[in-house]
Amino acid sequence: MSAPLTMFEPLTMFEPLTMFEKIWRRHTVTEDDDGQALLAIDRHLVHEGSARGFEILARRGLKVRRPDRTVGMADHIVPTAPGRTALTGFQRAALELFQRNLDGAGVRAFGLGDDRQGIVHVVGPEQGITLPGMTVVCGDSHASTHGALGAYGLGIGASEVAHVLATQTLWQRRPRTMRITVTGDLGPGVTAKDLILAVIGRIGADGATGHVIEYAGPAIRALSMEGRLTVCNMSIEAGARAGLIAPDETTLRYVRGRPFAPAGADWDRAAQDWLGLATDPGARFDQEIRMDATAVAPMVTWGTSPQDVVGVDGRVPDPGQADETRREAMRQALDYLGLVPGTPIEGIPVDRVFIGSCTNGRLEDLRAAAEVVRGRSVAPGVTAVVVPGSTPVRHAAQREGLDEVFRAAGFEWREAGCSMCVGLNGDIAAPGERVASTSNRNFVGRQGPGARTHLMSPAMAAAAAVTGCLTDVRRLIEGRTG
Amino acid sequence: MDPFRTLTAIAAPLPMPNVDTDQIIPARFLRAGRDGGFGRACLHDVRFGPDGEPRADLPLNHPAVQGAQILVSGPNFGCGSSREEAVYALWDFGIRAVIAPGFGDIFYGNALKNGMVPVVLPEPEVAELTARLQAAPGSRLTVDLDARTVSDEDGVARPFAITEFARRRLLEGLDELDHTLSLLPEIDALEQQMRRQWPWNAGLPSPTPSSD
């Protein structure tokens, strides 16, 4: 029997935990002294790129262990042209193989004919498949998106896809923790996308490598669920393993009533549990960063990494003024982008505009873009497309008449899918074309060989579409609100 | 997976930061599958110009480094997407170890699972190695996983850190999946406990009709 406690001892026994630690502990099957743990996985989201994982499984003679925790969604390679009538041979073969794999394993699929089809990281939260406190994995790095609900979302490779299919677990080394606390209010025309681009610009593309980021503070709390999904989505662009936001009333309002969300007495228990996931007062993080939202302007990338970012009211930076270790990379980036140091960001002409992706393809994003576009026209010589993140988003936007706003202005209104975010589905820019994009990566060739990508918010992309150049959206929305 | 103990091989320098997985294997090459020639696709738009000709000024294209099995690159190597094809492309190009000041987390894990060694060294040491390799193309390095060191031709050994979990799997060529399958009773036990405590996290229920 243990010795009796003094009145002070219970206090010293209580260990304040971060939200990440609470989720990690719940899901740990075993953990060694090195911090290497086997984690139980609640949800496995698979897309058409999962073929290799199923192939490894078949070669080993193994079955999908928990088909009821696995969901398939067609998004990466699907065509987005209206009607989706023109499938290439590659697309048809890949989609057929995907469906065969899912059917053979008894896995639920949201394929092209399904009213719930869309980008995996839009559909998961939208359908209530992802819930707070869960571990969620996907063979796509932007699984960090699901952290907006307070779920631990991890992007994994094909070998790990096979491992999760076979065992419903994943080996992970315990990451370090980082809290980014954002105070103040975002100004008019400044969005969650601008905030996360500012974060990446501040800490760098590898600033959070080996870490899980928890976003906190009044500016984060003030974000809608859609805004939080955008922030967590791009955590990977700062090198983070995942991004998390503690569940609160905003989370509960968003989740309640979703098709796969708990209901009745289960809802009450779940909601109470989810609110308890919040980081305990006094819990320690390996790194703490503070930012002021009032200092964030609408942001635009100028280079070939999301860390290459500046306010729209700024100028293309001069490599000569940069740290010596970055100079050559900056020169190469500017050469690829066809930009001259010192050029004002505003006024740089664009050829193409893409509004969509798992970063910014939700209803709130489309509303923000439509607000800028309303009563205006796409500039001559600019091709502009809107690709909703899911079929339900598309239908909801159509019910609100947003499709008409976009079409009237000269935008293409497309079907749901990843589209121009990843050059796998036919939606690419031509070499040398400059793209104003609401996606998450401005890597060399990401949107097609030689394509020049500038990342920005949906409102900023809409402003570029109607003016024909990178434009401070704040000037276009003055007098339109309130 | 074949065991990895020690590798002495030609090392090729690629002095670029943030070499992302889209550069390691551009998306357009994924359609053909691995049989379509991932080795040729590896770093394609870095190695070749728009005209399809090799970039003569790229150290990686120097005749003396052809057949290199070690790549030395800049910070944040393998950042970006989770595509494991980035590892397959490097492997099919002949690379068995990558030395860099840091790696994208997902790439790092994917490399280990395919028997490729991602070696993290401090940035000044990587810069020094890169300078040596550029000055003397075709130079060899030794990656010794037993000793956890990278040595140059002068015998200067630089220690690197790797978890014992990862090191043991590489040294013995162990299959992670086999190991996990032996833990199924423990996995089942945790799942049952979780089902009792958090029933809403269990398998997906039949959905209520979509509002759409």
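The residue numbering used here restarts from 1 in each chain and proceeds along that chain's sequence as written. Numbering of ligands from 1 and lettering of chains from A proceed in the order in which they are written. Per-residue local features of the predicted model are confined to residues with pLDDT of at least 70, and side-chain atom pairs are confined, for both listing and counting, to 80 or more; whole-chain, interface and lining totals are unaffected and use all residues. Hydrogens are left out, water is left out, and the side-chain values use all remaining heavy atoms of the structure.

With an unreviewed UniProt entry as reference, chain B is termed 3-isopropylmalate dehydratase small subunit, source organism Thermocatellispora tengchongensis. Recorded in UniProt for chain B, the comment headed Pathway (unreviewed entry) runs: "Amino-acid biosynthesis; L-leucine biosynthesis; L-leucine from 3-methyl-2-oxobutanoate: step 2/4." UniProt positions are given in the numbering used here, feature names are shortened, and annotations may be inferred rather than shown by experiment. In UniProt, chain B has this text filed under Sequence similarities (unreviewed entry): "Belongs to the LeuD family. LeuD type 1 subfamily."

Chain A carries the name 3-isopropylmalate dehydratase large subunit in an unreviewed UniProt entry, which gives Thermocatellispora tengchongensis as its organism. Taken directly from UniProt, the Pathway (unreviewed entry) text for chain A runs: "Amino-acid biosynthesis; L-leucine biosynthesis; L-leucine from 3-methyl-2-oxobutanoate: step 2/4." A UniProt comment under Subunit (unreviewed entry) is attached to chain A, and it reads "Heterodimer of LeuC and LeuD."

Draft legend 1. Up close: the overall build of chain B. What chain B contains, in helices and strands, is nine helices and seven strands. When a residue's accessible area, from a 1.4 Å probe over protein chains only, is under 20% of the maximum for its type it is buried; when over 50% it is exposed; and in between it is partly exposed. Looking at the 212 residues of chain B, the share that counts as buried comes to 53%. Expressed as a percentage of contacts within chain B between residues at least 6 apart in sequence, the contacts between residues at least 24 apart total 66%. Residue-level accessible areas treat just the shown protein chains as cover; the underlying method is Shrake-Rupley with a 1.4 Å probe. Carbon and sulfur atoms form 52% of the exposed surface of chain B, whose accessible area is close to 8,700 Å². Averaged over its 19 positive side-chain charges, chain B has a centre that lies 1 Å from the centre of its 29 negative ones. For the purposes of this entry, the term helix denotes a DSSP run of H or I that reaches at least four residues, the term strand denotes a run of E that reaches at least two, and both are numbered from the N terminus. Here, two residues are considered to be in contact whenever any of their heavy atoms come within 4.5 Å of each other. As used throughout, the charge tally considers Lys and Arg to be positive and Asp and Glu to be negative, leaving His and the chain termini uncounted. Charge coordinates come from a single atom per side chain, which is NZ of Lys, CZ of Arg, CG of Asp or CD of Glu.

Draft legend 2. Fine view of the pattern of salt bridges. We count a salt bridge whenever a side-chain nitrogen from Lys or Arg sits within 4 Å of a carboxyl oxygen from Asp or Glu. Here the structure, examined in full by the defined rule, presents 40 salt bridges over all chains. A salt bridge links Arg158(B) to Glu128(B); the shortest N-O distance between them is 2.9 Å. With Arg158(B) in strand 7 (residues 157-159) and Glu128(B) in helix 6 (residues 123-135), this residue pair connects regions lying 30 residues apart in the sequence. Residue class for Arg158(B) comes out buried when judged on its relative accessible area of 4%. Residues participating in the shared-partner salt-bridge network are Arg65(A), Arg66(A), Asp68(A), Asp188(B) and Glu191(B).

Draft legend 3. Here's a closer look at the packing of helix 14 (residues 363-373) of chain A against helix 17 (residues 458-467) of chain A. Residue and element names in this part refer to chain A. To define axes, lines are fitted to C-alpha atoms, for helices over the stretch in contact only, and angles between the resulting N-to-C directions are given on a 0 to 180 degree scale. Two elements in contact, helix 14 and helix 17, have axes separated by 8 Å at closest approach and are oriented at 30°. Taken together, helix 14 and helix 17 sit at an angle that is classed as roughly parallel. Relative to helix 17, helix 14 is oriented so that their crossing is right-handed. Contacts between helix 14 and helix 17 involve Asp365, Ala368, Ala369, Val372 and Val373 on the former and, on the latter, Pro458, Ala459, Ala462, Ala463 and Val466. For classification purposes, angles smaller than 35 degrees are called roughly parallel, those larger than 145 roughly antiparallel, those between 65 and 115 roughly perpendicular, and all remaining angles oblique. Each crossing gets its handedness from the near helix: less than a right angle anticlockwise from the far helix is left-handed, clockwise is right-handed.

Draft legend 4. Geometry of the packing of aromatic side chains. All names here are of chain B. Pairing of aromatic rings covers Phe, Tyr and Trp, the last through its six-membered ring, and needs centres within 6.5 Å; plane angles under 30 degrees mean stacked, over 60 mean edge-to-face, and all others mean tilted. Applying the stated rule across the entire model yields eleven aromatic pairs over all chains. Pairing phenylalanine 77 with phenylalanine 103 gives two aromatic rings, centres 6.1 Å apart and planes at 80°, and the pair type is edge-to-face. Of this pair, phenylalanine 77 sits in the loop between strand 2 (70-73) and helix 4 (85-93) while phenylalanine 103 sits in the loop between strand 3 (97-100) and helix 5 (105-113); the two residues are 26 residues apart in sequence, bridging distant segments of the chain. Take phenylalanine 103: its relative accessible area is 4%, and that puts it in the buried class. Clustering of aromatic rings is evident, with ring pairs tying together Phe77, Phe103, Phe107 and Tyr108.

Draft legend 5. Focus on the UniProt feature "domain: Aconitase A/isopropylmalate dehydratase small subunit swivel" (unreviewed entry) in chain B. Here, the residues flagged by UniProt with the feature "domain: Aconitase A/isopropylmalate dehydratase small subunit swivel" (unreviewed entry) are residues 1-123 of chain B. Along residues 1-123 of chain B, the helical share is 25% and the strand share 17%, with 30 Å between the first and last C-alpha atoms.

Draft legend 6. Focus on the domain arrangement of chain A. All names here are of chain A. Domain segmentation is taken from an automatic or database assignment of domains. Under the domain assignment, chain A is made up of domain 1 (19-290) and domain 2 (302-475). The distance between the C-alpha centroids of domain 1 and domain 2 comes to 24 Å. On the domain 2 side, the residues contacting the 44 residues of domain 1 number 39 residues. Here domain 1 packs against domain 2, burying approximately 3,200 Å² in sum over the two surfaces, 57% of which is carbon and sulfur. Buried area is understood as the total, over both parts, of accessible area removed when two parts are fitted together, assessed with a 1.4 Å probe. Considering only the side of domain 1, the residues that lose the most area to domain 2 are Thr80, Ile119 and Lys193, jointly responsible for 20% of the buried surface there. Put simply, domain 1 and domain 2 have one salt bridge between them. Its salt-bridge partner being glutamate 237, residue arginine 441 comes within 2.6 Å of it at the nearest N-O pair. The term polar contact refers here to a pair of N or O atoms within 3.5 Å; inside protein, the definition further demands a hydrogen-donor-capable atom paired with an acceptor-capable atom, and it admits residues adjacent in sequence only when both atoms are side-chain atoms. Here domain 1 and domain 2 share 22 residue pairs in polar contact (both at pLDDT 80 or more) between them. Among the elements of the structure, helix 4 (89-105), helix 5 (120-127), helix 7 (192-203) and helix 9 (225-233) are those that each provide at least two residues to the side of domain 1 that touches domain 2.

Draft legend 7. Molecular detail of the interface of chain A and chain B. In this assembly, 78 residues from chain A lie in contact with 58 residues from chain B. Regarding the contact of chain A and chain B, the summed buried area is about 5,500 Å², with carbon and sulfur atoms giving 56% of it. One salt bridge connects Arg66(A) with Glu191(B), and the closest N-O pair in it is separated by 3.1 Å. The interface formed by chain A and chain B contains 22 residue pairs in polar contact (both at pLDDT 80 or more). Only helix 2 (19-27), strand 1 (28-31), strand 2 (36-40), helix 3 (51-60), helix 6 (158-167), strand 8 (169-173), helix 11 (264-275) and helix 15 (391-399) of chain A provide two or more residues apiece to the side of chain A that touches chain B. If one sorts the elements of the side of chain A that touches chain B by residue count, helix 6 of chain A sits on top with six residues. Polarity classes work like this: nonpolar for Ala, Val, Leu, Ile, Met, Phe, Trp, Tyr, Cys and Pro, charged for Asp, Glu, Lys and Arg, and polar for all others, with Gly in that last group. Here the side of chain A that touches chain B is built from residues that sort into 28 nonpolar, 25 polar and 25 charged.

Draft legend 8. The UniProt feature "binding site: [4Fe-4S] cluster" (unreviewed entry) in chain A, seen in detail. Residues and elements named next belong to chain A. UniProt records the feature "binding site: [4Fe-4S] cluster" (unreviewed entry) at Cys358, Cys418 and Cys421, using the numbering of this structure. With the annotated positions falling across 64 residues, the maximum pairwise C-alpha distance of 8.7 Å places them together in a single cluster. Assignment of secondary structure puts cysteine 358 in helix 13 (residues 357-360). Once you skip the residues sitting within four places of it in the chain, cysteine 358 turns out to touch Ile119, His121, Val122, His142, Asn233 and Asn440. Of note, cysteine 421 is situated in the loop between strand 17 (412-413) and strand 18 (434-437). On the basis of relative accessible area, cysteine 421 is assigned to the buried category, the value being 7%.

Draft legend 9. Seen up close, the sheet that holds strand 19 (residues 452-455) of chain A. All names here are of chain A. Whether two strands pair depends on DSSP finding at least two bridges between them. The parallel open sheet is built from five strands, whose spatial order is 17-16-15-18-19. Both edges of this open sheet fall to strand 17 and strand 19, since each of them pairs with a single strand only. Here strand 15 (residues 352-356) runs beside strand 16 (residues 383-387); their pairing, made up of five bridges, is parallel. Counted as the bridge partner of phenylalanine 354 is valine 385 from strand 16.

Draft legend 10. Broad picture of the side chain of Thr180(B). When you line up the elements, Thr180(B) lands in helix 8 (residues 176-181). Look at Thr180(B) and you get buried, because its relative accessible area is 0%. Those residues in contact with Thr180(B) that sit more than four places away from it in its chain are Leu38(A), His163(A), Thr167(A), Thr169(A), Trp171(A) and Ile187(B).

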